[in-house]
Amino acid sequence: MNLILFGPPGAGKGTQAKYLVKKLDNFQVSTGEILRNEIQKNSEIGKKIVDDMNDGKFVSDHIVNTLIEEILNDPEKKNKLIFDGYPRSLTQAKNLEKLLEKTHQTIDFIFFLNVDKNVIVKRIENRKILEKRSDDDLKTFLKRYDTYMATTKPVLDFYSKNPNFYEIDGNSEINEITTKIDNFINV
Ligand code: AMP
């Protein structure tokens, strides 16, 4: 089973992805984590993206699409993908469609975690304390949110027409959201 967790920064995609990875024995595809890892390794990609990421800006579609292509081509991960934070632009969404077709895969569920901005701001303040992410201060978060609204919202419009698209009220507690997802996937 392949699925996409979609929603604004701080919607709880990562938390639900980690739960689903265990439950389904799948792989989490968190582009944010992959990119942070590149920065930590101080790799060539890491050096290129560090400023943009710290500034709450998107990393280029080209870099992210290249990283994703590797994952989709990995036979071990075939039909076992939980996308968390990808795709985030229409270019990425179209790239994913192309790669899925090429690797004979489909997306079984697209979950949109719809959360109010004020609820996310509270979550981000807590996450900053717990995870010490440099892009979680309020000013950077607000920038990331604006980028989401401008660039990622069109992806939502694109996916909302898909028969496997499900909107979930993500304002509630973590376990309530998990239950809602569980009810949909029903395994
Ligand atoms: P996340 O952990 O998903 O909140 O992502 C953290 C940061 O990583 C984002 O604010 C972007 O700078 C970068 N990033 C993650 N995923 C993508 C993506 N699909 N496209 C472009 N930039 C991304």
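Preceding this paragraph is the structure being described.
One structure accompanies this document, and this report is about it. (Residues numbered from 1 in each chain as written. Predicted model: local features only at pLDDT ≥ 70, side-chain atom pairs only at ≥ 80, totals over all residues. Heavy atoms only, no water.)

Observations regarding the pairing of strand β4 (residues 109-114)
Sheet faces and side chains relate simply in a regular strand, where the side chains alternate between the two faces.
Phase 1 of the analysis: Counted residue by residue, β4 has five buried out of six residues, so it is predominantly covered.
Phase 2 of the analysis: Relative to β4, strand β1 (residues 3-6) runs parallel, the two sharing four bridges. Following the sheet pairing, L3 is matched in β4 by F109.
Phase 3 of the analysis: As defined by bridge partners, β4 adjoins strand β5 (residues 165-169) across five bridges and the pair is classed as parallel. In the sheet register, I110 faces β5, and the bridge partner there is F165. (Buried < 20%, exposed > 50% of the residue type's maximum accessible area, 1.4 Å probe, protein only. Helix = DSSP H or I, 4+ residues; strand = E, 2+ residues; numbered from the N terminus. Pairing = 2+ DSSP bridges.)

Regarding the site of the ligand
Phase 1 of the analysis: Close contacts around the ligand come from 16 residues, with T31, K57, R88, Q92 and R144 the closest.
Phase 2 of the analysis: G85 places a polar main-chain atom, nitrogen or oxygen, 3.0 Å from a nitrogen atom of the ligand.
Phase 3 of the analysis: Between the ligand and R144, the relevant distance is 2.8 Å, taken from an oxygen atom to a side-chain nitrogen or oxygen of the residue.
Phase 4 of the analysis: When isolated, the ligand has an accessible area of 490 Å², and the protein chains bury 96% of it.
Phase 5 of the analysis: No other element matches helix α2 (residues 31-41), which puts four residues into the shell around the ligand. (Near = heavy atom within 4 Å. Polar contact = N/O pair within 3.5 Å; in protein donor to acceptor, adjacent residues only side chain to side chain. Areas by Shrake-Rupley, 256 points an atom, 1.4 Å probe, with all protein chains shown as cover.)

A few points about the packing of aromatic side chains
Phase 1 of the analysis: Enumeration according to the criterion identifies twelve aromatic pairs in this entry.
Phase 2 of the analysis: Seen in terms of ring centroids, F83 and Y86 are 6.3 Å apart; in terms of plane orientation they differ by 35°. Their pairing is tilted. Residues F83 and Y86 agree in their burial class; the two are buried.
Phase 3 of the analysis: Relative to Y166, the ring of F111 has its centre 5.8 Å away and its plane inclined at 40°; by these criteria the two rings are tilted. One end of the pair, F111, is in strand β4; the other, Y166, is in strand β5, and 55 residues separate them in sequence.
Phase 4 of the analysis: Y166 sits in the partly exposed class, given a relative accessible area of 24%.
Phase 5 of the analysis: Ring pairing ties together the aromatic residues F6, F112, F158, Y159 and F165, which thus form one cluster.
Phase 6 of the analysis: A cation over a ring is seen here: K77 above F27, with NZ or CZ 5.4 Å from the ring centre. (Phe/Tyr/Trp six-rings, centres within 6.5 Å; stacked < 30°, edge-to-face > 60°. Lys NZ or Arg CZ within 6 Å of the ring centre and 35° of its normal.)

Focus: the nonpolar core
Phase 1 of the analysis: Core analysis: the biggest nonpolar cluster contains 28 residues, and I4, L35, I68, L72, F83, L96 and Y159 have the highest contact counts within it.
Phase 2 of the analysis: Contributing elements (two or more residues each) for this core: β1, α3 (44-54), α4 (61-72), β3 (81-84), α5 (90-102), β4 and α7 (138-159).
Phase 3 of the analysis: If one sorts the elements of this core by residue count, α4 sits on top with six residues.
Phase 4 of the analysis: Among residues more than four places away in sequence, those in contact with Y159 are I4, P87, A93, L96, E97, I110 and F165.
Phase 5 of the analysis: One finds A17, L20, F109 and F141 within the second-largest nonpolar core, a separate group that totals 20 residues. (Core = buried A, V, L, I, M, F, W, Y, C linked by side-chain atoms within 4.5 Å. Contact = heavy atoms within 4.5 Å.)

Considering the packing of α2 against α3
Phase 1 of the analysis: For the pair α2 and α3, interaxial distance at closest approach is 8 Å and the crossing angle is 115°. Between α2 and α3, the crossing angle belongs to the class labelled roughly perpendicular. Note on packing geometry: the crossing formed by α2 with α3 is left-handed. Where α2 approaches α3, its residues G32, L35, R36, E38 and I39 are matched on the opposing element by I45, G46, I49, V50 and M53.
Phase 2 of the analysis: Residues of the contact of α2 with α3, tallied by class, amount to six nonpolar, two polar and two charged. (Axes fitted to C-alpha atoms, helices over the stretch in contact; angles between N-to-C directions. Parallel < 35°, antiparallel > 145°, perpendicular 65-115°, else oblique. Left-handed = near helix turned anticlockwise from the far one by under 90°. Nonpolar A, V, L, I, M, F, W, Y, C, P; charged D, E, K, R; others polar.)

So, to be careful, I would describe these as geometric facts and stop short of saying anything about function.
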